[in-house]
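Working through the structure, step by step
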Amino acid sequence: MTSKRSALGDLTLFGSGGQGKVFRFAVRPPELSGVGLPLLYKEYDDKSRQELNPDVLRRMVERGGRFDLRWLLQQGLAWPLAVVVDGPTTVGFVMQEAPPEFTVELQLPTGPSPRIAQLQYALNDHDYLRRIGIPVSDQWRLRVLSKVAQTLRDLHEHDIVVGDLSPNNLLASFDGPLADSQDDVLPSLRIAELWHGGWRDGHFGHVPEALLAHRRPPDFLRRVPPRIPETTVATI
């Protein structure tokens, strides 16, 4: 899928980084109306445009549209959904916005400050994290690392390699079941992932994509604990 820069309409600055700026749409472009996810537009700066290989970006968009890969690539990644061009020049791409559970409100001396929940915050010590309002345990860190490893494993099985694995590029949920240090949720987490994956496989192509985007792993994780005694997981 390709969109023209002039067709994106009014944009609001969302953030900036090493490769350029990220914008929110005021009105979603018509060609993206079928994507049931909140979307962002990333526009490359001049230096990044010179280094960009447009053919690779286009192939990434095409690969993300494959039936067997769409769930994996759109579930936990900011995967390119559409290439954006300005005349003959590729200037950026459209991606999904991080779900609400991947935001955090930091308690700073200047007052509450909502931020994207980058994993880099968890590199600080426990006392600092408690002061800014996101206390996490070592068990939580291990669970997040386990999830990252599982995602990398799934990507590698499809010959996809992450070239810039950094705490700045990873988001984590600091609130909800994973943040509960009093309860070992590792068995629940794995069962919830299997349950969610089966639900997606059964409904993909039969229900609106907005519903698929709405039903996320945390929804299943909350329902798992009472069902563990009656659950059997087999590897075939």
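Residues numbered from 1 in each chain as written. Predicted model: local features only at pLDDT ≥ 70, side-chain atom pairs only at ≥ 80, totals over all residues. Heavy atoms only, no water.

**Description of the pattern of salt bridges**
Applicable threshold: Whenever Lys or Arg places a side-chain nitrogen within 4 Å of a carboxyl oxygen from Asp or Glu, that contact is recorded as a salt bridge. Labels follow the DSSP assignment, with helices taken as runs of H or I lasting at least four residues and strands as runs of E lasting at least two, numbered in each case from the N terminus. Three labels apply to residues, based on accessible area from a 1.4 Å probe with only protein chains included: buried if under 20% of the type maximum, exposed if over 50%, partly exposed otherwise in between.
The tally for this structure, following the rule as stated, stands at five salt bridges. One salt bridge in this structure joins Glu-51 and Lys-47, with 2.7 Å as the shortest N-O distance. Taken as a pair, Glu-51 and Lys-47 lie in helix H1 (residues 46–51) at a separation of four residues, close to a single helical turn. For Lys-47, a relative accessible area of 54% puts it in the exposed group. Salt-bridge contacts for Arg-130 lead to Asp-127; the nearest nitrogen and oxygen are separated by 2.5 Å. Taken together, the residues Arg-130 and Asp-127, both in helix H4 (residues 126–131) and three residues apart, mark about one turn of the helix. Take Asp-127: its relative accessible area is 45%, and that puts it in the partly exposed class.

**Some details on the environment of His-126**
For the record, the criterion: It only takes one pair of heavy atoms within 4.5 Å for two residues to be counted as in contact. We call two N or O atoms a polar contact when they sit within 3.5 Å, provided that within protein one can donate a hydrogen and the other can accept it, with sequence-adjacent residues counted only if both atoms are side-chain atoms.
Locating His-126 in the fold gives a position in helix H4. Distance in space between the C-alpha atoms of His-126 and Asp-138 is 9.3 Å, their sequence separation being twelve residues. Sequence-distant contacts of His-126, defined by excluding residues within four places in its chain, comprise Val-136, Ser-137, Asp-138 and Arg-141. A distance of 3.1 Å separates the side chain of His-126 from the backbone oxygen of Val-136, its partner in a polar contact.

**Describing the packing of aromatic side chains**
For the record, the criterion: Classification of ring pairs rests on two measures: the distance between centres of Phe, Tyr or Trp rings, Trp counted by its six-membered ring, which must be within 6.5 Å, and the angle between planes, read as stacked under 30 degrees, edge-to-face over 60 and tilted in between.
Per the counting criterion, the structure on display carries two aromatic pairs. Aromatic side chains Phe-23 and Tyr-41 sit 6.2 Å apart centroid to centroid with 25° between the ring planes, which places their arrangement in the stacked category. Placement of Phe-23 in strand S3 (residues 20–25) and of Tyr-41 in strand S4 (residues 39–44) is noted, with a sequence separation of 18 residues between them. Of the two residues, Phe-23 and Tyr-41, neither departs from the other in class, the shared state being buried. Centroid distance Tyr-44 to Phe-93: 6.0 Å. Interplanar angle 55°. Geometry classified as tilted. Of this pair, Tyr-44 sits in strand S4 while Phe-93 sits in strand S6 (residues 89–96), and the two are 49 residues apart along the sequence.

**Comments concerning the confidence of the model for the protein**
So the rule is basically this: The quantity known as pLDDT measures the predictor's confidence residue by residue, on a range of 0 to 100.
In this model, the protein carries an average pLDDT of 79, and 81% of its residues clear a pLDDT of 70 or more. Long-range and interchain partners of residues 177–185, a stretch whose pLDDT sits below 50, account for 14 contacts in this model, where long-range means more than four residues apart.

**Focus on the sheet that holds strand S5 (residues 82–86)**
The criterion, for reference: Strand pairing is defined by DSSP finding a minimum of two bridges between the two strands. Note on definitions: angles span 0 to 180 degrees between N-to-C directions of axes, and those axes are lines fitted to C-alpha atoms, for helices only across the stretch in contact.
Sheet architecture is open: six strands sit in the order S1-S5-S6-S4-S3-S2, paired in mixed fashion. The outermost strands of the open sheet, each flanked by one partner alone, are strand S1 (2–4) and strand S2 (11–16). For this sheet, the mean angle separating the axes of adjacent strands, direction not counted, is 35°.

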